[in-house]
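Breakdown of the fold
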Amino acid sequence: MNSAIEFMIAPFFATMLLIGINVYFGIHVIKREIIFIDIALAQLAALGATVASVFFEHAHNHGHEGTTLEEYIFSVAFTILAAYIFTLFKSRKLPIPLEALIGIGYAIAATGSVILLDTAAGGEVHVKEMVEGAILWVSWGKIIELAIVFGLIGLLHFIYRRKFLALTDDYSKTQPIKHAMLWDFLFYASFGIAVVHSVSVGGILTIFAFLILPASISALFMKSWQSRIFLGWGLGTIVTVCGLYLSWNLDVPSAPTIILVLGVCLLLSLIVKKVLPSSAS
Amino acid sequence: MIQTLIFLSAPITACVLLAGMLSYFGNHILTRGIIFIDISLAQIAALGTMLGLLLGYTEGSSSVEIISLLFTIVVITLFALTKREKQTIPQEAIIGIIYALGLGLAMLLAEKIPGGSNYITKTISGNILWVTWKQVLSSLLIFIPISVIHMIFQKQFIAISESKRKLPFSISHVRKFEMLFYMTFSIVVVRAVMIGGIFFVFVLLIAPTAIATLFHSAWRLRFIWSWSIGLAGTIVGIYLSYQFNISNGPAIVCLLGGLVYLMTFVKMAPHRQSVK
């Protein structure tokens, strides 16, 4: 039991950091109804890393921790470029939803990685790892890195919270606030960087689940931003503990387990909501 | 040359059918703004396939397809029932959740199937060149009654797709049509995914209709354009993948997807001038 706790303490802290930032962004994403954006940015970041690892052959020893500098730079560059393009698309009235363009970006990034990895040896392992991540093998160095990056992004969003919240609350309007395009770009760019770092630890699927699931559950019960964030965080903590415990005990991969526990929570809260319709406020 | 043509005749016929069916549904999906539905449906169908494999049936057998289909229909029926007059969680988010849970489960199952992780990758890329005439003909047999249903109820389906805030009929009435719509849709998606893989289906649904919608708003025109674009895209994609020796699914996806981005920029350029 002690060994379990010792083994799980680093993954626990890592997951808490991931939940901290992603629950917040998740509420934005749900309100903007651009559910896809996170998966698309994550997949683009992964494509960036893949491009880097194909270009710079020596970067091929990764598996545990080894994101090389080139891979990192490419990931960030790809997401920031995507952030710029999405902002550009958003600023015009187009007859197709932004979500469609985001979705197509995702498909290109995902299959683009497959094309590139087809030529690289051991491609299938990479694909699986990209999707699944490896929270259990996270190091303390990585955790400190996450804390610093998320801290900075969190600070940016805290200082300018009025701008970011107003932008999201009036997302259907083209120009809700002054310099909307700049703030929109900052939103996507900071989100993109958060996604790059999150995904390097948790994998695409886990991060997607952390974004969407707690935010959806809190949207069922709460209206204000603050209460949604705190409910999401509380729920995320409990679920992480349960999920890590289950995955240790049953010897199954941790990420899918946490996701499924979150799913069960959503089902339960849907039932609660159905039974107690008056509790909504 | 002739041998190549014979080899390619079945895949190309399959492309004609799939481009037609998928671009028709794509117009509905795009108008509704639930872009995710196909990927998450496809993931559920893939999960159903893995379930079938886990039960000991062989890959590609009809038992696996039936299990996969039943599984998908159950999930999609649940989804159709989440339609409310006022949506607390956007439908798109529910779809995303279904996707995440489906993929999560598929990963857990992959551990139980020999070579299971290999199977996840295969589902992602797919290969239309391996399609057989038998598959093409059975697809045709499945698609004809579905097309008939959609021709009979086209007014209702279009009315529901176009309603953004207010429902055109009573909620119970809407739900009945929704279930019919999503059931036929999932039958088509399950079929198509077995032939082409998740991303192939996704892009064939969204990309051609996105291009068509950029330039036209009438349903009939959009349908004709998206069918043509989808067909041209798949055939050129197959040709390119043949030439450069890359997987054809990803080649088609990148080609059609890239075209959407290109056309969006084309659309944006003169638009800016006409406004200012």
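Because the structure is predicted, anything quoted here is derived from the model rather than measured.

As for the overall build of chain B
A count of helical and extended segments in chain B gives eleven helices and zero strands. Helices and strands in chain B line up, N terminus first, as α-α-α-α-α-α-α-α-α-α-α. Of the accessible surface of chain B, which amounts to about 12,300 Å², a share of 69% is contributed by carbon and sulfur atoms.

A closer look at the overall build of chain A
Within chain A, the secondary structure is distributed over eleven helices and zero strands. Evaluated residue by residue, chain A yields a buried proportion of 56% over its 281 residues. For chain A, long-range pairs separated by at least 24 residues make up 78% of all intrachain contacts whose partners lie at least 6 apart in sequence. As displayed, chain A has an accessible area near 12,000 Å², and 70% of this comes from carbon and sulfur atoms.

Section: the environment of Leu 214 of chain B
Residue and element names in this part refer to chain B. Note that Leu 214 resides in helix 9 (residues 198-215). A residue is classified by how much of its surface remains accessible, and Leu 214, at 1% relative accessible area, is buried. Once the C-alpha coordinates of Leu 214 and Val 260 are considered, the two residues, 46 residues apart in sequence, prove to be 9.3 Å apart.

Overview of the packing of aromatic side chains
Residue and element names in this part refer to chain B. This structure, assessed with the given rule, holds 29 aromatic pairs over all chains. Taken together through their ring pairs, the aromatic side chains of Tyr 24, Phe 25, Phe 79, Phe 153, Phe 157, Phe 177, Phe 181, Tyr 182, Phe 185, Phe 223 and Trp 227 make up a single cluster. The ring of Phe 181 carries Arg 32 above its face, with NZ or CZ at 4.2 Å from the centroid. The side chain of Arg 222 reaches across the aromatic face of Trp 219, ending 5.0 Å from its centre.

A closer look at the pattern of salt bridges
Opposite charge on two side chains lets them pair, provided their charged atoms get close. Residues and elements named next belong to chain A. This model, assessed by the stated rule, comprises three salt bridges over all chains. Measuring nitrogen to oxygen at the nearest pair gives 3.2 Å for the salt bridge that ties Arg 32 to Asp 184. Within this pair, whereas Arg 32 is found in helix 1 (residues 2-32), its partner Asp 184 is found in helix 8 (residues 180-202), the two being separated by 152 residues in sequence. Both residues of the pair, Arg 32 and Asp 184, count as buried.

Regarding the interface of chain B and chain A
Contact residues are listed per partner, giving 51 residues for chain B and 51 residues for chain A. When residues of chain B are sorted by the area they lose upon contact with chain A, Met 107, Tyr 261 and Met 268 of chain B head the list and together hold 14% of the total. The interface formed by chain B and chain A contains two residue pairs in polar contact (both at pLDDT 80 or more). Sorting the residues of the side of chain B that touches chain A by element identifies helix 4 (91-110), helix 5 (116-125), helix 9 and helix 11 (248-275) of chain B as the ones contributing at least two each. Per-class residue counts for the side of chain B that touches chain A are 32 nonpolar, 14 polar and five charged.

With respect to the side chain of Ser 198 of chain A
Residue and element names in this part refer to chain A. Within the secondary structure, Ser 198 is located in helix 8. A relative accessible area of 0% places Ser 198 in the buried class. Sequence-distant contacts of Ser 198, that is, excluding residues within four places in its chain, are made with Leu 18, Ile 21, Asn 22, Phe 150, Gly 203 and Ile 207.

What about the environment of Trp 133 of chain B?
Residue and element names in this part refer to chain B. Within the secondary structure, Trp 133 is located in helix 6 (residues 133-152). Spatially, the C-alpha atom of Trp 133 lies 8.7 Å from that of Ala 14, the residues being 119 residues apart in sequence. The contacts of Trp 133, once residues within four sequence positions are left out, are Ser 9, Ala 10 and Thr 13.

As for the packing of helix 10 (residues 225-250) of chain A against helix 11 (residues 254-275) of chain A
Residues and elements named next belong to chain A. Direction vectors running N to C along helix 10 and helix 11 enclose 130°, while the axes themselves pass 8 Å from each other. Between helix 10 and helix 11, the angle is such that the two are oblique. The two elements helix 10 and helix 11 meet at a crossing, and its hand is right-handed. On helix 11, the residues that touch Val 239, Thr 240, Cys 242, Gly 243, Leu 244, Leu 246 and Ser 247 of helix 10 are Ser 254, Thr 257, Ile 258, Val 261, Leu 262 and Cys 265. Across the contact of helix 10 with helix 11, the residue classes break down as eight nonpolar, five polar and no charged.

Here we look at helix 6 (residues 140-159) of chain A
Residue and element names in this part refer to chain A. Counted at 1.5 Å a residue, the expected span for helix 6 with its 20 residues is 28 Å, and the 28 Å between its end C-alpha atoms agrees. Of the residues making up helix 6, those classed as buried are Lys 142, Ile 143, Leu 146, Val 149, Phe 150, Ile 153 and His 157. The arc enclosing the buried residues of helix 6, seen along the axis, measures out at 135°, which places them on a common side. In helix 6, the exposed positions angled more than 90 degrees off the buried face are occupied by Ile 144, Ile 148, Leu 152, Phe 158 and Ile 159.

Digging into the side chain of Ser 23 of chain B
Residue and element names in this part refer to chain B. Here Ser 23 is to be found in helix 1 (residues 2-32). At 2.5 Å, the side chain of Ser 23 forms a polar contact with the backbone oxygen of Ala 19. Once residues within four sequence positions are removed from consideration, Ser 23 is found in contact with Leu 18, Leu 204, Thr 209, Phe 223, Ser 226 and Trp 227.

Cut-offs used in this document
- Residues numbered from 1 in each chain as written.
- Chains lettered and ligands numbered in written order.
- Predicted model: local features only at pLDDT ≥ 70, side-chain atom pairs only at ≥ 80, totals over all residues.
- Heavy atoms only, no water.
- Helix = DSSP H or I, 4+ residues; strand = E, 2+ residues; numbered from the N terminus.
- Areas by Shrake-Rupley, 256 points an atom, 1.4 Å probe, with all protein chains shown as cover.
- Buried < 20%, exposed > 50% of the residue type's maximum accessible area, 1.4 Å probe, protein only.
- Contact = heavy atoms within 4.5 Å.
- Phe/Tyr/Trp six-rings, centres within 6.5 Å; stacked < 30°, edge-to-face > 60°.
- Lys NZ or Arg CZ within 6 Å of the ring centre and 35° of its normal.
- Salt bridge = Lys/Arg side-chain N within 4 Å of Asp/Glu carboxyl O.
- Buried area = accessible area lost by both parts, 1.4 Å probe.
- Polar contact = N/O pair within 3.5 Å; in protein donor to acceptor, adjacent residues only side chain to side chain.
- Nonpolar A, V, L, I, M, F, W, Y, C, P; charged D, E, K, R; others polar.
- Axes fitted to C-alpha atoms, helices over the stretch in contact; angles between N-to-C directions.
- Parallel < 35°, antiparallel > 145°, perpendicular 65-115°, else oblique.
- Left-handed = near helix turned anticlockwise from the far one by under 90°.
- Expected span 1.5 Å × (residues − 1).
- Arc of directions from axis to C-beta.

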